[in-house]
Amino acid sequence: MAHTKVTKVKEDDMLECFIYPKICYSKPSEIITEEILLEEIAKFDEAIAPYIEDYIWHSDSLIFHPRTKQALLLEKLIENSTTIDEHNILPHIYVRLCFDEDISDEWFTVFLIFKLTQTFDGLIAKIIDSDGEFLLIEAANVLPTWANPEACENHVFVYNGELHIVREKHKTLADLLDDVRERPYLFRASDKVQDVIRKRIDIYPNEIKKRHHKARVFLPEKAVSILRQEPRLVALAIRTICHSDPLERKVCRAMRYFPPEQRIMVNVKMTKCLYAMANHCRYTGDPRTGWNIPPITCSKYNAHTLGIKIACGLEMLVARANEERRKREKLTVNDPERLKAKEDVLNAYLTRLEVSGYFRNLLKGSKEYEKLLNAAKDYYLKHFNLCNCITDVNKSDAEKVLEAWENIQSNDVELHAQDEATLSPADSDSWLNVDPVQLETFLNEQWGHVRSKKQEQESLSLKEKVQMFLNQNSDIDGVKFLEDHSTEDVMHDSEDNGKVEFDADIFDSTLRGILDLVVPGNEGEFEGSSEGSLGEDDEDKKNDMDKYMRLLNLELQSEMDKDENSEINKNSDIIEDNLIKSITEEAGGSGPTGNIIGGPVRRLMHLQLQSPTTVPPDLQS
């Protein structure tokens, strides 16, 4: 059986969800039509509607797309895929979401997917982003040792609101999903892993209101009407002006669609991320346009500059949509060059279908052949329209703003005019300033007190450490302590600020000592045998030997004076005799006693205990 393989998303800040209703893996794939998947999508939309009603998406909104087996096969052929394994192609519901600067959209989507798997029986989902299995990355500190990227890739699923990791290999995707549904207790991740994920998503739906920020903005009246029609368009306006360059901002000099002459003060709701982006954008409009910005010390300065940025963002979107509309009108269907280019692409697509065996060797012109041909053409047109919507996001966003601008009525503008004193006060933006204490508190809440855990481990006695080692479970790789890896390999000591100290002089001296076989800091080389003296002269050795013998005699004498017991004296004599006997038998060579008392001392003691005729040849002068 071929392995299950889901292509990792290539774009940054992109989330992909593969949702498998029970019918998708329990029934033959050929009978799952787009209509069946659309019915499932309608249920999903109804279930998540209460949560997304007041939600402001930063970039893309959550949209479910049906994917049948036939559509997936045609998609692979369009991508010119050479190998197609039909065993691993299952119909499913697909989500592609760009969260861009606001990662809250990603985790809010994860919260919704977990909710769906709890609501609908047998529903299993797979969620990845540009980093891969980011749910496991979030719980990396509490994962088991076997949960490495190679073992977990394409084997992580969400079922019944919990995370599951299937360790079985060489199985199709349908088999993996069956295993998760029939035996979830075998593949359910540990409670520690579940707690980490729950901590991340359980802040919703309460977090939705916390991430909102109400700002007071001085806006053109038409801009106010658009945001009243569709409040979510404020995200498009702010992101457009923040991501624009001076060349794109040239259209803001005239302000044809949102003139600054008629402006009113209103409250605008946005996310904290959007508010922070707008505040850090340095663009404050073209001075020739006539914005009349008050002094920076004025309390209304922020309201004026924020209104200019939003209005200019909307202006750029409407101007872009009009330009795209004019281009589409010029490129009519009757254009021969455009028609020929479309035919060439379509013919190449049909040729790939023919080579891949899509038409099943049917006779051209037959009823079955025409049926397959029409299905392929319909999907081709639908697929490329979908691709254009995905790749040219600015175009679709601009169209939304243009449609809202065209729907503005004059009486709508008059209704929005109101006394500034009746407006509710704006929310405080003190959350923009974070002091070091708050940052430290946030990091401790997120990652825990790592240094305190390390100090707690270091305070354990040897007996307690051995007991901890014996209590660990061993696998084929042996016993591993996750705490050691998490504190030493991952985190750095805050006192050294992540710096690495390097002394070039010590490194050079040590390296020369290794390569030249010279003791660092000494010009003498090794003399005699491999266990000879390390650059010390004989006089120094003799003096060291005399000191050692005197210390040894004093030690033995004090022991005999302290204890007059004959048995202890006898043991001391035995120890001394054994020591002398061992040194004599080692004959200055390597041995247990010599290793304990040291090489130079061992040789000099042997020379004093033995006659010159018994000295080993390698030590004779």
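Residues numbered from 1 in each chain as written. Predicted model: local features only at pLDDT ≥ 70, side-chain atom pairs only at ≥ 80, totals over all residues. Heavy atoms only, no water.

1. Quick look at the overall build of the protein
Right, on to step 1. Tallying secondary structure elements over the protein gives 27 helices and 8 strands in all.
Right, on to step 2. Pairs at least 24 residues apart make up 75% of the contacts formed inside the protein by residues separated by at least 6 positions.
Right, on to step 3. Summing over all exposed atoms, the protein offers an accessible surface of approximately 37,700 Å²; the carbon and sulfur share of this is 52%. (Helix = DSSP H or I, 4+ residues; strand = E, 2+ residues; numbered from the N terminus. Contact = heavy atoms within 4.5 Å. Areas by Shrake-Rupley, 256 points an atom, 1.4 Å probe, with all protein chains shown as cover.)

2. Observations regarding the packing of helix H4 (residues 104-119) against helix H9 (residues 191-201)
Helix-helix packing: each pair is described by the crossing angle between the helix axes and the interaxial distance.
Right, on to step 1. Taken N-terminus to C-terminus, the directions of H4 and H9 make an angle of 115 degrees; their axes are 9 Å apart at the nearest point. Crossing handedness for the pair H4 and H9: left-handed. Of the residues in H9, those touching H4 at Trp107, Val110, Phe111 and Phe114 are Ile197, Arg200 and Ile201.
Right, on to step 2. For the contact of H4 with H9, the class distribution of residues is 6 nonpolar, no polar and 1 charged. (Axes fitted to C-alpha atoms, helices over the stretch in contact; angles between N-to-C directions. Left-handed = near helix turned anticlockwise from the far one by under 90°. Nonpolar A, V, L, I, M, F, W, Y, C, P; charged D, E, K, R; others polar.)

3. Description of the pairing of strand S4 (residues 124-129)
Right, on to step 1. Summarising burial for S4: 6 of the 6 residues are buried, a large majority.
Right, on to step 2. In S4, alternate side chains face the same way, and those of Ile124, Lys126 and Ile128 on one face and Ala125, Ile127 and Asp129 on the other are all buried.
Right, on to step 3. As defined by bridge partners, strand S1 (residues 14-20) adjoins S4 across 6 bridges and the pair is classed as antiparallel. Counterpart to Glu16 in the pairing with S4 is Ile128. (Buried < 20%, exposed > 50% of the residue type's maximum accessible area, 1.4 Å probe, protein only. Pairing = 2+ DSSP bridges.)

4. So, the environment of Phe99
Right, on to step 1. Relative to the helices and strands, Phe99 is located in the loop between strand S3 (92-98) and H4.
Right, on to step 2. Measuring from C-alpha to C-alpha, the distance between Phe99 and Ser61 comes to 8.9 Å, with 38 residues separating the pair along the chain.
Right, on to step 3. Here Phe99 is in contact with Asp13, Met14, Leu15, His58, Asp105 and Glu106, once residues within four sequence places are set aside.

5. Notes on the nonpolar core
Right, on to step 1. Counting residues in hydrophobic clusters, the biggest one holds 46 residues, and the most contacted among them are Leu219, Met270 and Ile310.
Right, on to step 2. For this core, the elements supplying multiple residues, two or more each, are strand S7 (212-220), helix H11 (221-229), helix H12 (233-242), strand S8 (263-271), helix H13 (272-280), helix H14 (301-330) and helix H17 (393-406).
Right, on to step 3. When residues in this core are grouped by element, the largest group, 11 residues, is from H14.
Right, on to step 4. Leave out the neighbours within four places in its chain, and Met270 touches Ile56, Arg211, His212, His213, Ala215, Val234, Ile238, Tyr275, Leu306 and Ile310.
Right, on to step 5. Tyr55, Leu116, Val158 and Val193 belong to the second-largest nonpolar core, a separate cluster that totals 45 residues. (Core = buried A, V, L, I, M, F, W, Y, C linked by side-chain atoms within 4.5 Å.)

6. Quick look at the packing of H12 against H14
Right, on to step 1. Closest axis-to-axis distance for the H12/H14 pair is 7 Å, and the angle between their directions is 90 degrees. As summarised for this structure, H12 and H14 are arranged roughly perpendicular, according to the angle between their axes. Seen from H12, the contacting residues are Val234, Leu236, Ala237, Ile238, Thr240 and Ile241; seen from H14, they are Lys309, Ile310, Cys312, Gly313, Leu314, Met316, Leu317 and Arg320.
Right, on to step 2. For the contact of H12 with H14, a count of residues per class yields 10 nonpolar, 2 polar and 2 charged. (Parallel < 35°, antiparallel > 145°, perpendicular 65-115°, else oblique.)

7. Observations regarding the sheet that holds S3
Right, on to step 1. Here 6 strands make up an open sheet; going across it, the order is S2-S3-S1-S4-S5-S6 and the pairing antiparallel. With partners counted over all chains shown, the strands left at the sheet margins are strand S2 (65-67) and strand S6 (162-165), one partner each. The sheet shows a mean angle of 30 degrees between the axes of neighbouring strands, direction not considered.
Right, on to step 2. Of the strand pairs in this sheet, S1 and S3 are connected by 6 bridges, and their pairing is antiparallel.

8. A short note on unusual backbone geometry
As a rule of thumb, non-glycine residues mostly have phi less than zero, and peptide bonds are mostly trans rather than cis.
Right, on to step 1. In this structure, the amide linkage connecting Tyr204 to the following residue, Pro205, adopts the cis form with an omega of 5 degrees.
Right, on to step 2. Inspection of the secondary structure assignment puts Pro205 in the loop between H9 and helix H10 (206-210).
Right, on to step 3. The backbone phi angle of Asp100 is positive, close to 55 degrees, even though this residue is not glycine.
Right, on to step 4. Note on placement: Asp100 falls in the loop between S3 and H4.
Right, on to step 5. Given the relative accessible area of 17%, Asp100 is considered buried.
Right, on to step 6. Phi is positive for Asn154, close to 65 degrees, though the residue is something other than glycine.

9. Description of the pairing of strand S5 (residues 156-159)
Right, on to step 1. Side-chain alternation along S5 places Val156 and Val158 on one buried face and Phe157 and Tyr159 on a second face that is also buried.
Right, on to step 2. With 2 bridges joining them, S4 and S5 adopt antiparallel strand pairing. Bridge pairing in S5 links Ala125 to Val158.
Right, on to step 3. Where S5 and S6 come together, 4 bridges link them in antiparallel fashion.

10. Here's the deal with the packing of aromatic side chains
Right, on to step 1. Counting across every chain of the model gives 13 aromatic pairs.
Right, on to step 2. Residues Tyr55 and Phe108 carry aromatic rings whose centres are separated by 4.1 Å and whose planes lie at 15 degrees to one another, so their mutual orientation is stacked. With Tyr55 in the loop between helix H2 (34-52) and S2 and Phe108 in helix H4, this residue pair connects regions lying 53 residues apart in the sequence. As far as the burial class goes, Tyr55 and Phe108 line up, both buried.
Right, on to step 3. Between Phe111 and Tyr204 the ring centres are 5.9 Å apart and the planes differ by 35 degrees, which places this aromatic pair in the tilted class. Of this pair, Phe111 sits in helix H4 while Tyr204 is found in the loop between H9 and H10, placing the two residues 93 residues apart along the sequence.
Right, on to step 4. Residue classification places Phe111 among the buried residues on the basis of a relative accessible area of 4%.
Right, on to step 5. We classify Tyr204 as buried; its relative accessible area is 5%.
Right, on to step 6. Lying over the aromatic face of Tyr94, Arg67 brings its terminal NZ or CZ to 3.7 Å of the ring centre.
Right, on to step 7. The lysine or arginine in question, Arg167, covers the ring of Trp146, its NZ or CZ lying 3.9 Å from the ring centre. (Phe/Tyr/Trp six-rings, centres within 6.5 Å; stacked < 30°, edge-to-face > 60°. Lys NZ or Arg CZ within 6 Å of the ring centre and 35° of its normal.)

11. Observations concerning the environment of Asn292
Right, on to step 1. Within the secondary structure layout, Asn292 lies in the loop between H13 and H14.
Right, on to step 2. A relative accessible area of 65% places Asn292 in the exposed class.
Right, on to step 3. Between the C-alpha atom of Asn292 and that of His304, which follows or precedes it by 12 residues, the distance is 8.7 Å.
Right, on to step 4. Among residues more than four places away in sequence, those in contact with Asn292 are Arg263 and His304.

12. Side note on H2
Right, on to step 1. Maximal helix bending in H2 amounts to about 30 degrees, located at Glu46; proline Pro50 follows within four positions.
Right, on to step 2. Buried within H2 we find Leu37, Glu40, Ile41, Phe44 and Ile48.
Right, on to step 3. In the core, the buried residues of H2 are packed alongside S1, helix H1 (22-26), S2, S3 and H4. (Bend = angle between axes of the 7 residues up to and from the residue.)

Any functional reading would require information beyond the geometric quantities listed.
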